[in-house]
Every structure is written in structure tokens, then in C-alpha cells.
Amino acid sequence: MSKAMPVEANLTEGPIGKSLLLFAMPVLMGNVLQSLNGTINAIWVGKFLGESAFAAASNANNIMFFLLSLVFGVGMASTILIGQSVGARDEVQAKRVVGTSALFFLSMALLITMAGVGLSASILEWMQTPVDAMTYALGYLRIIFIGIPFMFFFNFIMMILRGAGDAKTPFYFLLLAVFLDIVLNPLFIFGLGPIPRMETAGAATATVIAQFVSLCGLLIYLYRKKHFLRLTGADRHYLRFDSQILGSLVKKGVPMGLQLMFVSTSAIAIVNLVNSFGSVATAAFGAAMQLSTYIQMPAMAIGSAVSTFAAQNIGAGKWDRVHKTTLLGILLNFMMTGMLVALIYVFNRQALQLFLQDEAAIAIGMNINHITLWAFILFGITFVLSGVVRSTGAVMIPLITTFLALWCIRVPLAYYLGRQYGLDALWWSFPIGFFAGILLSAGYYIWGNWKSASMLDKKKAIE
């Protein structure tokens, strides 16, 4: 057992309910802060630059979510490996994971940046971005692509820290990023002194700068505090592509990344359909999705928390705590997501007016919320179950489940309903897709063989 590994990183002892809530809350607040970056941009753009600019930012943000899915799997696989290593009190393996996954993460981010800057216009055209929004969207997206390495590495470090049992430090530095974004947004959107007016590109520039500064601050903090997972000069041999770890990142991370990619591409497919109804519909959908992002946050935070808890307890061989974690995670999701859904229903119009000025767009957005918001409680149950299942290394069935629920049910149904019955009807594809997802996920959790999966090849690990 490593003396450098702090006791507070251990999630295999003590009361599960209290510890799960205390771990999930900083993750939840961190998710809120991350989305607040996008919401702040959306409010500035939608209120002061108009519906076309807001539609442009909405299209670009969907592409950003797609890009995050490309590397999410690697980060999630790293988080699970770190969690299992900390649960087993194996600091050497934890550092092997950090070194290999950091190199892999940075390499992917740089490749995405180089490809994305050149292909921005083609991507937006493929998405059928409205003509009046194209100029706004292009400037925004190119800046986002330039900042991808900083954004991705910032998120990677935060995932590693959470896997090690630390949810508070990422929250503090996300708070710094949001504060900087709030201050810099109006400066770069409207211009001040030597800073030129950049409009939507300025909103993206503010976000990139805020993330870069926070990343630098986080790295400095971790090294000054001598965090047990930092890589020093003596640890430079860990900063390489370890074949065993790399194999696990690819074998387990790619399916997890594809799972999120199915989610993001299905969202892009829906946006592509909504775009065909014009900029007002696109703006309304973008505003409703901004609100639904916050509705999903408790489920995402709890899903992340149960995944870390389960990974550490799997590493320690404590399966009874794994199952208790699942049940308590579902209960917390019902309580927290349900409260947010009720709040938005009460203040539906007022919430949409944060982003929209056009009455027609507000009316469409209110209808979207009425039909879809309650179903995000179902989404939360699926997210909790998936978080526990993937903490063992079982990744293929959740991937197939996501594909079936989204690409075989929700997207085809949305296109059918939208083209046959109009814009109002297509929103019913959301609750139907969520319901299919929970049936498939629950079935696998109860009857599947996910407990026999593993993140690393055990034979190679022994060698």
C-alpha cells in the first residue's frame, strides 16, 4: 500500500448514501458550471445578436458535443482504471494509466484540431445550417476547434481526479473557468478598446481563453500540492504508450466513446431535421436543449459518481457495495431530476425567455418542454445503470443498447413524425426513445453477465 495515496481517495469504506451524495454534488455543480459556459454564450448571443446568431451557436455546440464524444471513451476508460487501481491501492498502475492516457488524449485532440479548422464550412453545410446563420456559425466553430487541445486536456485531468476520489478540486477550477468566461464574453463579443468586435467568434474566444487559464492553474495547483498521481521527473518512464494500458483504452474506451457518439450524432440528426423547418424552429429547439442540459445534470453527476464508487469497490472486491450504490443512485436521480423537471414546468416561458425574444420561437420551445422534460427522469435511470455496468469493463451491450434506442427508434421515429405530422409531433420521439433505453439497460443489469467483465487482460497483468 502506497503511503502517498490519501485516505480520502478511498470510497470502499463508510456509509454509501452519504458518501455518494457528497461525491455527486461537486460533480453536479461542475456539470452546471460547464453548461453555464455555454448558456452564458447563448444568452449574450441570443439576446444581443438575434435568432440567426443563436441558431448558429446551437449548431456549432452540437458539433462540439460530437467532438467530445470522440475522446470521452478514453477519458472514461482512464477514470475506471484509475478507480479500480485506487480501490486496490495500486499507485504504480494508476500512474501507468495517467501517462499512457495523457499522451493518447493529447494526440487525439491535436488531430481533431487540425482536421476541424479546415473542414468547418463543409461540416456546417452538411448539417444544413440555415444560410442566415452560416457566417456566425463558421467563425464560432473555427475558434472552438483551435481551443480543442486545451478544453479536452482540462476535462481529461478532471476525470482522472474524480476517478481518484477527488470531486472537489475539479469543481473549484471549473468555477474559475466560468468566472473568466462571464468577464470575457462581452469584451470579445462587442469589442472594447484594442479588442475588436468579434460577435459569435468572440463568445468562442472567451470560452477558449477561460479554459486555457483554468487548465494552467489546475496543473500548477496539482504539482504544488504534490498530488499522488502527478508525474515527476522520476516518473517520466510512465509517460509512454504502455501496450497493456493502451490496449485497454482502445478496447474499452472506443465503445464508450462510440456510445456517446451515438448520442451526439442522433442529436445532430434531429437538429438537421429541425433546421428544415427554419431558423425560428432551430432557435426554439436550441433553447429547449439548453434547458434539458440542466435537467440531465443530476443524472450525469450521479452516473459519474456511481461509476467511480463501483470501480473502486470492484477493485477492492466489495460487490455488495456495488449493488447498494446502484439502488441509491437511482433513488437520488428520481429526487434530484424530478425536482428540476417540476421547476421548469412551473417557469417554462420565463426560462425560455432567457434565450429567445421571438414569440413564435418561445411557443415552439414551450411545446418541446411539455412533451420531453418528464422523460429525462427515465434517462437518468439508464445513465445510472450504465455507469455501474461500464465500471467493470462491460462496454459492448451498453453500446448496442444506445444504438438501438437512438438510431433504430428515436431518430427514425422523429423523421417519420416530423414529415408526416409536422414539427409538433416529432418531439414525441424523445420519451419513446428514453423508455426503450431504460427497458434494455435494466434487462442487461438484471440478467446480463456484466459482472464477469474486466478492464485489463488478467493474464497480461500477472505477467
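Residues numbered from 1 in each chain as written. Predicted model: local features only at pLDDT ≥ 70, side-chain atom pairs only at ≥ 80, totals over all residues. Heavy atoms only, no water.

Describing the overall build of the protein
- Each helix and strand counted, the protein has 17 helices and 0 strands in total.
- Taking 463 residues into account, the globule formula puts the C-alpha radius of gyration at 23 Å, and the protein, at 22 Å, falls close to it.
- Taken along the three principal axes of its C-alpha coordinates, the protein extends 60 × 55 × 35 Å.
- Taken over 463 residues, the protein has a buried fraction of 59%.
- Relative to all contacts within the protein whose residues are 6 or more apart in sequence, the contacts with residues 24 or more apart total 85%.
- Carbon and sulfur atoms make up 70% of the accessible area of the protein, which amounts to about 18800 Å² in all. (Helix = DSSP H or I, 4+ residues; strand = E, 2+ residues; numbered from the N terminus. Rg over C-alpha atoms; globule rule 2.2 N^0.38 Å. Buried < 20%, exposed > 50% of the residue type's maximum accessible area, 1.4 Å probe, protein only. Contact = heavy atoms within 4.5 Å. Areas by Shrake-Rupley, 256 points an atom, 1.4 Å probe, with all protein chains shown as cover.)

Here we look at the pattern of salt bridges
- Summed over the entire model, instances satisfying the criterion amount to 5 salt bridges.
- The residue Glu91 makes a salt bridge to Lys95 at a minimum N-O spacing of 3.8 Å. Here Lys95 and Glu91 lie together in helix H3 (residues 91–126), a separation of 4 residues that amounts to about one turn. The same class applies to Glu91 and to Lys95, which are both buried.
- Here Asp242 makes a salt bridge to Arg240, at a shortest N to O gap of 3.6 Å.
- According to the relative accessible area criterion, Asp242 is buried, its value standing at 8%.
- Its relative accessible area of 44% is what places Arg240 among the partly exposed residues. (Salt bridge = Lys/Arg side-chain N within 4 Å of Asp/Glu carboxyl O.)

Some thoughts on a nonpolar patch on the surface
- A surface patch of nonpolar side chains, about 620 Å² in accessible area, is lined by Phe150, Leu176, Phe179, Ile182, Val183, Ile209, Phe212 and Val213.
- No other element matches helix H6 (residues 168–190), which puts 4 residues into the nonpolar patch.
- Its location among the elements puts Ile209 in helix H7 (residues 200–224).
- By relative accessible area, which is 30% here, Ile209 ends up partly exposed. (Patch = residues over 30% accessible without salt bridge, like charges linked within 9 Å, V, L, I, M, F, W, Y side chains within 5 Å.)

With respect to the side chain of Thr337
- Take Thr337: it is sitting in helix H10 (residues 319–346).
- The buried category is assigned to Thr337, whose relative accessible area is 0%.
- Once you skip the residues sitting within four places of it in the chain, Thr337 turns out to touch Ile295, Pro298, Ala299, Phe376 and Ile377.

Some details on the packing of H3 against helix H5 (residues 148–163)
- Contact geometry of H3 with H5 gives a least axis separation of 9 Å together with a crossing angle of 155°. Our classification of the angle between H3 and H5 gives roughly antiparallel. Along this stretch, H3 crosses H5, giving a crossing that reads as right-handed. Residues Val98, Ser101, Ala102, Phe105, Leu106, Ala109, Leu110, Ile112 and Thr113 of H3 form the contact with H5, whose participating residues are Ile148, Pro149, Phe152, Phe153, Phe156 and Ile160.
- For the contact of H3 with H5, the per-class residue count stands at 13 nonpolar, 2 polar and no charged. (Axes fitted to C-alpha atoms, helices over the stretch in contact; angles between N-to-C directions. Parallel < 35°, antiparallel > 145°, perpendicular 65-115°, else oblique. Left-handed = near helix turned anticlockwise from the far one by under 90°. Nonpolar A, V, L, I, M, F, W, Y, C, P; charged D, E, K, R; others polar.)

Here's the deal with the packing of H6 against H7
- Two elements in contact, H6 and H7, have axes whose closest approach is 8 Å; the angle formed by their N-to-C orientations is 150°. Taken together, H6 and H7 sit at an angle that is classed as roughly antiparallel. Pair H6 / H7 crosses with right-handed handedness.
- When grouped by side-chain class, the residues that make up the contact of H6 with H7 number 14 nonpolar, 8 polar and 1 charged.

Some words on the environment of Leu22
- Counting through the fold element by element, Leu22 comes out in helix H1 (residues 16–49).
- On a C-alpha basis, the gap between Leu22 and Ala167 in space is 8.9 Å, while along the polypeptide they are 145 residues apart.

Considerations on the nonpolar core
- Phe285, Leu356, Trp427 and Trp450 are the most contacted members of the largest nonpolar core, which totals 73 residues.
- Residue contributions to this core peak at 17 residues, all from helix H9 (residues 279–315).
- When neighbours within four sequence positions are excluded, Phe285 is seen to be in contact with Ile270, Val271, Val274, Ile368, Trp427 and Phe430. (Core = buried A, V, L, I, M, F, W, Y, C linked by side-chain atoms within 4.5 Å.)

Observations concerning the packing of aromatic side chains
- By the definition in use, this model includes 16 aromatic pairs.
- For the pair Phe285 and Trp427, a centre-to-centre distance of 5.4 Å together with 20° between the ring planes defines the contact as stacked. You can see Phe285 sitting in helix H9 and its partner Trp427 sitting in the loop between helix H15 (423–426) and helix H16 (429–447), a full 142 residues away along the chain.
- Residue Trp427 is classed as buried on the basis of its relative accessible area of 0%.
- Each member of the aromatic cluster is reached from another via a ring pair, and the members are Phe376, Phe379, Phe383 and Phe434. (Phe/Tyr/Trp six-rings, centres within 6.5 Å; stacked < 30°, edge-to-face > 60°.)

Without other data, these values stay purely geometric and don't point to any function.
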